[in-house]
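Listed here are the chains, written in short residue letters.
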Amino acid sequence: QVQLVESGGGLVQAGDSLRLSCASSGRTFSLYAMGWFRQAPGKERVFVAAINWRGDNTLYTDSVKDRFTISRDDAKNTVYLQMASLKPEDTAAYYCAAARTYSDPPSHDGEYGYWGQGTQVTVSS
């Protein structure tokens, strides 16, 4: 069983930076690929970024490339999403998720078996 808890969300201005954290209580965190998804009000949940279990392969949706960075610290059982140059359209609830796969980091939410409760990010213009 993997339990995920996100933190770090908040209200920021356009152009600001923010770092989200997702801590896992499971002892096998290092065996999971980790992903970040987001859901804006009235919209579907969409993929943002993912990192494979070894931490040497990452994947981003086009709208956040060169602005967001996903990383992991297996010693702390934590995955991070560093967000820079934030835009109002980045406003959403952000969720982290864990996938037991040794393939490329997955971008489809159906591949993830564990989810956190989400943290809200609001970017004002």
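The shown structure was predicted, so the numbers you read here are calculated from the model rather than taken from an experiment. (Residues numbered from 1 in each chain as written. Predicted model: local features only at pLDDT ≥ 70, side-chain atom pairs only at ≥ 80, totals over all residues. Heavy atoms only, no water.)

1. A closer look at the overall build of the protein
Regarding its fold elements, the protein presents zero helices and 11 strands. Reading the protein from its N end, one meets helices and strands in the order β-β-β-β-β-β-β-β-β-β-β. What you see for the protein is a C-alpha radius of gyration of 13 Å, in line with the 14 Å of a compact globule of 125 residues. When each of the 125 residues of the protein is scored for burial, the buried share is 44%. Sequence-distant contacts, at least 24 apart, represent 60% of the contacts inside the protein between residues at least 6 apart. Per element, the accessible surface of the protein, about 6400 Å² overall, is 44% carbon and sulfur. (Helix = DSSP H or I, 4+ residues; strand = E, 2+ residues; numbered from the N terminus. Rg over C-alpha atoms; globule rule 2.2 N^0.38 Å. Buried < 20%, exposed > 50% of the residue type's maximum accessible area, 1.4 Å probe, protein only. Contact = heavy atoms within 4.5 Å. Areas by Shrake-Rupley, 256 points an atom, 1.4 Å probe, with all protein chains shown as cover.)

2. Details of the sheet that holds strand S7 (residues 68-73)
The antiparallel open sheet is built from four strands, whose spatial order is S1-S3-S8-S7. The strands lining the two open edges of the sheet, one partner per strand, are strand S1 (4-7) and S7. Across the sheet, the mean angle separating the axes of adjacent strands is 15° when strand polarity is ignored. Looking at chain direction, S7 and strand S8 (residues 78-83) are connected through six bridges and run antiparallel. (Pairing = 2+ DSSP bridges. Axes fitted to C-alpha atoms, helices over the stretch in contact; angles between N-to-C directions.)

3. Some points on the pattern of salt bridges
Applying the stated criterion across every chain yields a total of six salt bridges. Between Arg38 and Asp90 there is a salt bridge, with its nearest N and O atoms 2.9 Å apart. Linking Arg38 in strand S4 (residues 33-39) with Asp90 in the loop between S8 and strand S9 (92-99), this pair joins segments that are 52 residues apart in sequence. Residue classification places Asp90 among the buried positions, given a relative accessible area of 1%. Asp90 is the salt-bridge partner of Arg67, the closest N and O atoms lying 2.8 Å from each other. With Arg67 in the loop between strand S6 (58-60) and S7 and Asp90 in the loop between S8 and S9, the pair connects residues that are 23 residues apart, well separated along the chain. Look at Arg67 and you get buried, because its relative accessible area is 11%. It is possible to trace a salt-bridge network through shared partners that takes in Arg38, Arg67 and Asp90. (Salt bridge = Lys/Arg side-chain N within 4 Å of Asp/Glu carboxyl O.)

4. Notes on the packing of aromatic side chains
Note on aromatic pairs: each is described by the distance of the centres and the angle between the planes. Scanning the model with the defined rule gives six aromatic pairs in all. When the centroid spacing of 6.0 Å and the interplanar angle of 80° are considered together, the rings of Tyr32 and Tyr114 count as edge-to-face. Placement of the pair is Tyr32 in the loop between strand S3 (18-24) and S4 and Tyr114 in strand S10 (residues 114-115), with a sequence separation of 82 residues. A residue is classified by how much of its surface remains accessible, and Tyr32, at 7% relative accessible area, is buried. Judged by relative accessible area, Tyr114 falls into the partly exposed class, the value being 24%. Relative to Phe47, the ring of Phe37 lies with its centre 5.6 Å away and its plane at 75°, an arrangement referred to as edge-to-face. Taken together, the residues span a long stretch of sequence, with Phe37 in strand S4 and Phe47 in strand S5 (residues 46-51) at a distance of 10 residues. The burial state of Phe37 is the same as that of Phe47; both residues are buried. The ring of Tyr32 is capped by Arg100, whose NZ or CZ atom sits 5.4 Å from the centre of that ring. (Phe/Tyr/Trp six-rings, centres within 6.5 Å; stacked < 30°, edge-to-face > 60°. Lys NZ or Arg CZ within 6 Å of the ring centre and 35° of its normal.)

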